[in-house]
Amino acid sequence: MPSLRRAKISALGTYVPPRLLTNADLEKMVDTTDQWITERVGIRERHIVEKGVATSDLALEAARVCLRERGAAPESVEAIIVGTVTPDMAFPSTACLLQYKLGAKGAWGFDVSAACSGFVYALQAGAQLVQTGAHDRVLVIGADVMSSIIDYTDRATCIIFGDGAGAVLLEPCTPADEAEGLGLLDFIHEVDGSGGCSLNMPAGGSLNPATHQTVDRKMHFVHQDGQAVFKYAVRKMAEASERILERNNIAGGKVRCFVPHQANRRIITATADRLKMPADRVIINIDRYGNTTAATIPLAMQTAREEGKLKKGDLCLLAAVGAGFTVGVTLLRWAC
Ligand code: UT7
């Protein structure tokens, strides 16, 4: 077996659509208040697309920013992996649509369905392609247009979600990077399908193909048992994070930047408390973006960079829990 190369994130790009949906807007749409949303979830506003804008459009903008940052031509991308639960359509995959729009001639690709863990799962799928030597440049994207599957008369879900996209480029570490210990170091992934009933979109697949009845019953929208998801998320984000630090012999205090999935501010702070993570190392931007599903982690990495909390050489922990249930944590040393 040939020795594996280490993969690194060599560039990051993000995009959110310009239109804002604020708590004040939602107060006019459903029986809710800015105070309830701010206190219970931690969101003030989210970005949502105009009609006709799809996930591949957001992914395209993020991918362009990412490639520009690296000075890389679209034709140099060898594979594209998109984490999303809101593909433009059931098929072809968003990766195919994006490949064409981006002009990534010669690339192959596919979508990953892992809900809020979509980005971290796509990241590891891409990393394996780099580590084995199969590819030198893999574009990994988390993108969702959640507003396309939200019932804006259901106050329990419509206040939570937003639209957005984030892209990273994966490349092999140079010998100098390896010497500095940069790149993707370890991951733990886990799924628990018994949680499928707690968060899903019941229709539109082979079990319940679209009919007038599925539309009338609002089965093409997100359905969620909020409390079940909340409890699972707090427990598993902390457990998986503790496990990955322990098996790498890393004390929590050594992590410079903790980038959790942004589902609820209370989930993030409860997890960070359990990990004894100092508040200034915990990245929170849910107030501005809401829960953008597969896009939260790259958007939060971008916030971390903007706030000067994620610099080359920093040890960083990504953690996500999502529908499935899916759980994913990645340990890395920032390399760009
Ligand atoms: O990315 C993974 C996907 N999702 C998540 O991780 C979400 C995890 N869950 C959550 O974040 C929270 O459970 C929610 C934000 C969904 C709900 O917060 P909660 O504190 O668990 O509220 P609850 O469901 O226990 O409801 C408490 C009360 C209820 O009223 P009663 O029965 O006590 O009279 C709800 O009807 O709050 C009510 N409520 C609202 N009130 C005002 C629910 N939604 C709203 C709302 N505005 N938007």
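Residues take numbers from 1 onward in each chain, read along the sequence in its written order. Local features are withheld for residues below a pLDDT of 70 in this predicted model, meaning they are given only at 70 or higher, and side-chain atom pairs are given and counted only at 80 or more; totals for whole chains, interfaces and linings count all residues. Processing note: side-chain calculations cover all non-hydrogen atoms of the structure and skip hydrogens and water entirely.

### Structural notes on the domain arrangement of the chain
The extent of an interface is frequently quoted as the accessible surface area lost upon association of the parts. The condition is simple: These domain limits were set by an automatic method or by a database of domain assignments. Only heavy atoms enter the contact rule, under which two residues are in contact if any of them lie within 4.5 Å. Throughout, buried area stands for the accessible area (probe radius 1.4 Å) lost by two parts on being put together, summed over both. The salt bridge definition used is simple: a Lys or Arg side-chain nitrogen within 4 Å of an Asp or Glu carboxyl oxygen. N or O atoms within 3.5 Å of each other form a polar contact, as long as, within protein, one can give a hydrogen and the other can take it, and as long as residues adjacent in sequence are counted only when both atoms are side-chain atoms. Secondary structure elements are taken from DSSP: a helix is a run of H or I of four residues or more, a strand is a run of E of two residues or more, and numbering for both begins at the N terminus.
For the chain, the assigned domains read domain 1 (7-176) and domain 2 (180-333). Between domain 1 and domain 2, the C-alpha centre-to-centre distance is 14 Å. Taken together, the contact between domain 1 and domain 2 spans 53 residues of the former and 46 residues of the latter. Counting each side, the surface lost to burial between domain 1 and domain 2 is near 3,800 Å², with a carbon and sulfur contribution of 62%. Of all residues in domain 1, the largest losses of buried area upon contact with domain 2 belong to Cys116, Tyr121 and Gln124, amounting jointly to 17% of the total for that side. At the junction of domain 1 and domain 2, the tally comes to two salt bridges. Linking glutamate 69 and arginine 305 is a salt bridge whose minimum nitrogen-to-oxygen distance equals 2.9 Å. Joining domain 1 to domain 2, the criterion identifies 22 residue pairs in polar contact (both at pLDDT 80 or more). Counting residues per element, the ones that place at least two in the side of domain 1 that touches domain 2 are strand E1 (7-15), helix H2 (34-40), strand E3 (45-47), helix H5 (118-131), strand E6 (138-145), helix H6 (155-158) and strand E7 (163-172).

### A short note on the sheet that holds strand E13 (residues 326-333)
Stated precisely, the cut-off is as follows: At least two bridges found by DSSP between two strands is the condition for calling them paired. Helix axes are fitted to C-alpha atoms over the stretch in contact, other axes to C-alpha atoms as well, and angles between N-to-C directions run from 0 to 180 degrees.
The mixed open sheet is built from four strands, whose spatial order is E8-E13-E12-E11. Only two strands of the sheet have a single neighbouring strand rather than two, namely strand E8 (183-191) and strand E11 (257-260). Between one strand axis and the next, the sheet turns by 10° as a mean value, whatever way the strands run. Summarising the sheet, strand E12 (residues 315-322) and E13 pair through eight bridges and their orientation is antiparallel. Residue leucine 318 lies in a different strand from E13, and its bridge partner there is threonine 330. H5 rests against E8, E12 and E13 of the sheet, and its axis sits at about 125° to E8.

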